[in-house]
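Breakdown of the fold
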Amino acid sequence: MHEGAVHGIWSGTISFSLVAIPVQLVKAVEPGRVSFHLLHSKDYSPLARRMFCPEEGVIVPPQEIIRGYEIGPDKYILITDEELESVSPERSRTIEIVEFIDMQEVDPIYYDHPYYLVPLKGGEKAYRLLAEVMRRTNKAGLAKFVLHEREYLVAVKSTEGALALITLHYPEEILPDEDLSPQEETIAADEKSRIKKSIEQMMKDFYPEKYADERREKIVDLLKKKLKEKPPVEAPEVEEAEGEGPPDLIAALEESMREVKKNR
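Below is a short write-up of the structure.

Before going further, it helps to spend a moment on the sheet that holds strand β1 (residues 10–16). Taken together, seven strands build a closed barrel; the order of strands is β1-β2-β8-β11-β10-β9-β7 and the barrel is mixed. Shown here is a sheet whose adjacent strand axes are inclined to one another by a mean of 40 degrees, direction ignored. Bridging between strand β7 (residues 94–102) and strand β9 (residues 139–147) involves six bridges; their strand directions are antiparallel. Residue pairing across strands places E96 opposite K144, the latter belonging to β9.

Next comes the structure, spelled out in structure tokens:
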């Protein structure tokens, strides 16, 4: 990967001891789902979601939308934007590694989302050195950093010559599993041996290229076929009179929801 070849989500430095490496955070995965828009069958207009109040039967304008944390049926604690801002962490430009760990000791249930770290100009040599050392030792750097007003616990590890950053779930986010485990029963030695032998016979090296999302591939093939058979439909252009606001507050509501999601 080269600087400028990908869209950066965040830029700053990886820091530990006396080392500081300028890096850029970029996406490592793209969900393979095929997404569809809901359209009006009469004219193919995309349908927009609105903030609807069922009590009054009206669309709620952005200035009347507030946040409430549900603590029981129909019971909420109200919180303002200013109060939420007061407890948000300060934005950081540093991924401060506090300790190095063995990634094999981290249960995959703690894994949240992967990213790549790309070296910025001037940090290429130190980046390669850190990636190589962590690859050989199979160690990862445990750190905290702030992204989009949320503080994340992350692991920085080496993967195929590059540095990857994996956001980790906090312990309080992991649901207890006591009720999920079966009751302890005596298992005969020959049963254990038989299952162990079956597993050993099926052991293979992991090659993700062997596997594919078959439903997604069939949907893509279907879309290609339909495109050859018939040109795509076009949604009508919505004319907006000069000096007037967006029709029935859709644009304003969408902007409001973007702000709400950004501040969560």
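That shown, we press on.
Time to look at the pairing of β9. Here β9 lies mainly inside the structure; seven of its nine residues are buried. Bridge count between β9 and strand β10 (residues 150–159): seven bridges; the pairing is antiparallel. What sits directly across from K144, in β10, is L153. Between β9 and β10, which pair antiparallel and follow one another directly, the connecting turn spans two residues, one of which, H148, has a positive phi of 55 degrees.

With that settled, the discussion passes to helix α4 (residues 214–229). At 3.6 residues per turn, the α-helix brings residues three or four places apart onto the same side. With 16 residues, α4 should cover 22 Å at 1.5 Å per step; its first-to-last C-alpha distance of 23 Å lies within 8% of that length. Sparse coverage of α4 is indicated by the burial of one of its 16 residues. N-capping of α4 is provided by D213, with a side-chain oxygen placed 3.3 Å from the backbone N of R215.

Let's shift gears to the nonpolar core. If you look at soluble globular proteins, the nonpolar side chains tend to sit buried side by side. Counting residues in each nonpolar core, the largest one holds 23 residues, and the members touching the most others are I14, I95, L117, F145, L163 and L165. Of all the secondary structure elements, the ones that give two or more residues to this core are β1, β2 (19–27), β7, β8 (111–119), α2 (124–137), β9, β10 and β11 (162–168). In terms of residue count, the dominant contributor to this core is α2 (four residues). Excluding residues that lie within four positions of it along the chain, I95 makes contacts with W10, T13, I14, S15, L117, A143, K144, F145, V154, V156 and L165. Formed by ten residues, the second largest nonpolar core is a distinct cluster that contains M103, V106, A140 and L153.

Quick look at the packing of aromatic side chains now. Scanning all chains against the criterion turns up two aromatic pairs. On the numbers, 5.0 Å between centres and 75 degrees between planes, the contact of W10 with F145 is edge-to-face. Residue W10 is found in strand β1, and its partner F145 is found in strand β9; the two are separated by 135 residues along the sequence. With a relative accessible area of 6%, W10 lands in the buried category. On the basis of an interplanar angle of 85 degrees and a centroid distance of 5.3 Å, the ring pair of F16 and F100 is categorised as edge-to-face. Here F16 is found in strand β1, whereas its partner F100 is found in strand β7, with 84 residues between them in sequence. Owing to a relative accessible area of 17%, F16 belongs among the buried residues under this scheme. When its relative accessible area of 40% is taken as the criterion, F100 is described as partly exposed.

Parameters and conventions
Residues numbered from 1 in each chain as written. Predicted model: local features only at pLDDT ≥ 70, side-chain atom pairs only at ≥ 80, totals over all residues. Heavy atoms only, no water. Pairing = 2+ DSSP bridges. Helix = DSSP H or I, 4+ residues; strand = E, 2+ residues; numbered from the N terminus. Axes fitted to C-alpha atoms, helices over the stretch in contact; angles between N-to-C directions. Buried < 20%, exposed > 50% of the residue type's maximum accessible area, 1.4 Å probe, protein only. Expected span 1.5 Å × (residues − 1). Polar contact = N/O pair within 3.5 Å; in protein donor to acceptor, adjacent residues only side chain to side chain. Core = buried A, V, L, I, M, F, W, Y, C linked by side-chain atoms within 4.5 Å. Contact = heavy atoms within 4.5 Å. Phe/Tyr/Trp six-rings, centres within 6.5 Å; stacked < 30°, edge-to-face > 60°.

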